[in-house]
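# Summary of the model geometry
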Amino acid sequence: MAAIFHATLRRLAAVPPAYYVFAVLVLVLWFTRPQLFNLNVMGVFIRQVAPLGIVVLGQLLVMNVRSIDLSAGGIILLVNYYISSGMFGAAGPELLVPVSIATGLGVGLFNGMMVGIRRASAVIVTLGVSIVLIGIVQFLANGKPPGNVPQVFNAAYNAKLFAVPLPILAWIALTALMAVFLSRFVFGRFVAAVGDNPVAAHFSGVPVRRTVIAAHTISGLMAALAGLVQTASIAVGSIRFGLDLSLNAVAAAILGGVIFGRGEGGVWGPFFGVLSFALLFVVMTTLGIKEPGKLVAQGLIILLAATLYGLRRANA
């Protein structure tokens, strides 16, 4: 009996914490405000965390190759400036979207080359890049919010398909694509090998450097896509925009079972980690908790994620 009990505990401990947090929040909301369980209300709150969910896809990928990416905030801010400042004149999405994506890919490629080839610290490089991008935006904006976002972006953000908001559908589609990409393609096996043991992967013929570079490049792409969604959501320019998403993405990834430095963790655990953030905002809003309280709760979740990360790494 004791052996069965301990084995059960180990299996429960192996389940990503995000599932437990999500279940607790669902129960709290069910008993306090069951009327909120409808597609329209939940769609509003889940749509707000779609940018975070997209950033998490890049974050979990780089964490699975024993790296990290803190440059998402800078990329998102720069994308917001592209769209809201008018620096490309009267250009529409046909130019702004490709430029934003190219910027994310370029920044991600630079990060990957610095980490994968130059073997620089991922924390220092990506944080430094984010600070540089933020500084560039603030210099170009001269300390003032750039302007308004073209209406077509906000219209796309508010559009629905089969009563489901497009940002949520895009987030789910990208998550499913990432899950298939990592489980069915050779690149996914490369990521798993590098995360498990980069030295052994190298001697087994795995292109370790290229895998790390590709992971960071994809992470930059995800940050740019998140920037497009986030910019469409607020419909105005900002010089302090999306800067909290990098840390929240790390927290959601860890809650979802990704262990930094060990190459462990899937895709759907972090997905539910992000949903936990959405439900947390729903619960706190219904309880009348103001913005400062929500910030405190976010900070506590990050601390919880760090604690769980330490416990899971110690037991791994």
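Presented here is a report on the structure given in the accompanying data block.

What counts, and where the lines are drawn
- Residues numbered from 1 in each chain as written.
- Predicted model: local features only at pLDDT ≥ 70, side-chain atom pairs only at ≥ 80, totals over all residues.
- Heavy atoms only, no water.
- Helix = DSSP H or I, 4+ residues; strand = E, 2+ residues; numbered from the N terminus.
- Rg over C-alpha atoms; globule rule 2.2 N^0.38 Å.
- Buried < 20%, exposed > 50% of the residue type's maximum accessible area, 1.4 Å probe, protein only.
- Contact = heavy atoms within 4.5 Å.
- Lys, Arg positive; Asp, Glu negative; His and termini not counted.
- Charge placed at Lys NZ, Arg CZ, Asp CG, Glu CD.
- Core = buried A, V, L, I, M, F, W, Y, C linked by side-chain atoms within 4.5 Å.

Attention now goes to the overall build of the protein. A count of helices and strands for the protein gives 15 helices and 2 strands. Taken over C-alpha atoms, the radius of gyration comes to 20 Å for the protein, in line with the 20 Å a tight globule of 316 residues would show. Based on the C-alpha atoms only, the size of the protein along its principal axes is roughly 70 × 55 × 35 Å. A total of 316 residues make up the protein; the buried ones form 49% of that total. Pairs at least 24 apart in sequence give 80% of the contacts found in the protein among residues at least 6 apart. A gap of 5 Å separates the mean positions of the 19 positive and 6 negative side-chain charges of the protein.

Structurally, the α-helix is built with 3.6 residues per turn, so residues lying three or four positions apart point the same way. Most of helix α13 (residues 245–255) sits inside the fold, with 10 of its 11 residues counted as buried. L245, S246, N248, A249, V250, A251, A252, A253, I254 and L255 are the residues of α13 that are buried. Backbone geometry just after α13 places G257 at a positive phi near 100°.

This next bit is on unusual backbone geometry. Here R119, not a glycine, exhibits a phi torsion of approximately 60°, which is positive. Here R119 lies in the loop between α6 (93–116) and α7 (122–141). The exposed category is assigned to R119, whose relative accessible area is 64%. At F162, a residue that is not glycine, the phi angle is positive and equals roughly 55°. Of note, F162 is situated in the loop between β1 (160–161) and β2 (164–165).

Time to look at the nonpolar core. Membership of the largest hydrophobic core comes to 91 residues, with the highest contact counts inside it found for L61, W171 and M178. Setting aside residues up to four positions removed in sequence, M178 forms contacts with L57, L61, I218, M222 and V267.

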